[in-house]
Structure formats: structure tokens, C-alpha cells
Amino acid sequence: MGKGTLVARLLEHDDRLWLSRSWTTRARRPGESPDAYTFVDRPAFEARAAEGGFLEWDEHLGHLYGTPIPHAPPDKDVVLEIDVNGAMQIRQQFPDALVLLVEPPSRHELQARLSKRGDTPESVEARLQRADMEVGKGREVADHVIVNDDLDRAVAEAAGILEEHRNPPGGTP
């Protein structure tokens, strides 16, 4: 159960949240929901990027991933399910954005989660190497780190952080 599962549960828990659906040029994994991403080809993605249609985007393992400029309903807080590089881009544009880093309990658990979702052994290894490099950067950019070792606890922790951010003691965020 990775960050996607945590985000899905958080959205079920809090109706004031709205998920911005990321775009990707990679193919859908077996069993992956068709709405997990907006799946597009490279020319469509590159055209959107050239138009300035993404808040952030990056290339990873030969595929492009990006967050389109969101059009959230009124009174909704936007949730971006992004990687560390995306979070760094968002932080540069929106210094007051709340950044939560979701970490697996261990590298071994991350490997198991990646394998379980259908990634190839080569992709798993590349993602593990990237995760090793991103840990330090992620901790620098994040306002809070949540270890996703128990899904219910991690969701409750994230929900508590959001509430605290929305209603800080003694003032407005």
C-alpha cells in the first residue's frame, strides 16, 4: 500500500480535498485503474508542456509525468500525488504549499510494493535507485514525513496534519 493508496483513503476521509490527476506517457499497468492517470502519448504530453499546461513535470524511466494546471471546484484543497522532483518544482512556485513526504517503512517493503503492482524487475531496481537518491531531497522539501507502515495510522496522521494546517492554533495558515 503506497502513496496512491494513502491518497485515495485520504480523499475518502475528507470531502474538502480534490485530486489533480497527473498525466503520463507510460502504458497502464495490468490491473491499474484507467483513471489512475490521464494516459497520453508523448506528442500530446509535449504539446501540453509547450503550452505551459503543467504545474510541474519530469521524465522518469523514459516516460513523462506531469501535473496539469488544476481546475478544482470552489472550496476544495488540491492534492498533488507527485514525486520529490515535482514537489521541489511546486515549492519554488508556491512556497506556502503543504508538502507531505510519504515513505515506505523500509527499502525491502518498497521493493515488495513495486513488484506487487506489476513493475518489471528492471523498473523495480531503477525505482529503488531513484528512491535512494530522493530520500534526502524529499526530507529537505517536506513539511512533514509520514512513514506508511500502517495505512490507517498514516491516513489519520495525514488528516491531522491537514486539519492543523487549515486551523493553526492562533491564526490562519
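Residues numbered from 1 in each chain as written. Predicted model: local features only at pLDDT ≥ 70, side-chain atom pairs only at ≥ 80, totals over all residues. Heavy atoms only, no water.

Undergrad: Residue-level account of the packing of helix α1 (residues 3-13) against helix α6 (residues 151-166), with values.
TA: Look at α1 against α6: their axes get within 10 Å of each other, and the N-to-C directions meet at 60°. Taken together, α1 and α6 sit at an angle that is classed as oblique. Considering how the two elements wind past one another, α1 and α6 form a crossing that is right-handed. Residue-level inspection shows Thr5, Leu6, Arg9, Leu10 and His13 of α1 in contact with α6, the latter providing Leu151, Asp152, Ala154, Val155, Ala158, Ala159 and Leu162. (Axes fitted to C-alpha atoms, helices over the stretch in contact; angles between N-to-C directions. Helix = DSSP H or I, 4+ residues; strand = E, 2+ residues; numbered from the N terminus. Parallel < 35°, antiparallel > 145°, perpendicular 65-115°, else oblique. Left-handed = near helix turned anticlockwise from the far one by under 90°. Contact = heavy atoms within 4.5 Å.)

Undergrad: Provide a residue-level description of the pattern of salt bridges, including the pertinent values.
TA: Taken as a whole, this structure holds 14 salt bridges when the rule is applied. For the salt bridge of Glu32 with Arg29, the shortest nitrogen-to-oxygen distance reads 3.5 Å. (Salt bridge = Lys/Arg side-chain N within 4 Å of Asp/Glu carboxyl O.)

Undergrad: Which residues make up helix α2 (residues 42-50), and what values go with them?
TA: Capping the start of α2, Asp41 holds a side-chain oxygen 2.9 Å from the backbone nitrogen of Ala44, two or three residues further along. Remark: Gly52 follows α2 within two positions and exhibits a positive phi of approximately 75°. (Polar contact = N/O pair within 3.5 Å; in protein donor to acceptor, adjacent residues only side chain to side chain.)

Undergrad: Residues and numbers for the nonpolar core, please.
TA: Leu6, Leu10, Leu17, Val79, Ile146, Val155 and Ala158 are the most contacted members of the largest nonpolar core, which totals 14 residues. Residue assignment for this core shows that the elements contributing at least two residues are α1, β1 (17-20) and α6. In terms of residue count, α6 provides more of this core than any other element does, 7 residues in total. With near-sequence residues (within four places) excluded, Ile146 lies in contact with Leu100, Leu101, Val102, Glu103, Ala154, Glu157, Ala158 and Ile161. Val84, Ala87, Val141 and Ala142 belong to the second largest nonpolar core, which has 6 residues in total. (Core = buried A, V, L, I, M, F, W, Y, C linked by side-chain atoms within 4.5 Å. Buried < 20%, exposed > 50% of the residue type's maximum accessible area, 1.4 Å probe, protein only.)

This is a description of form; function is not addressed.
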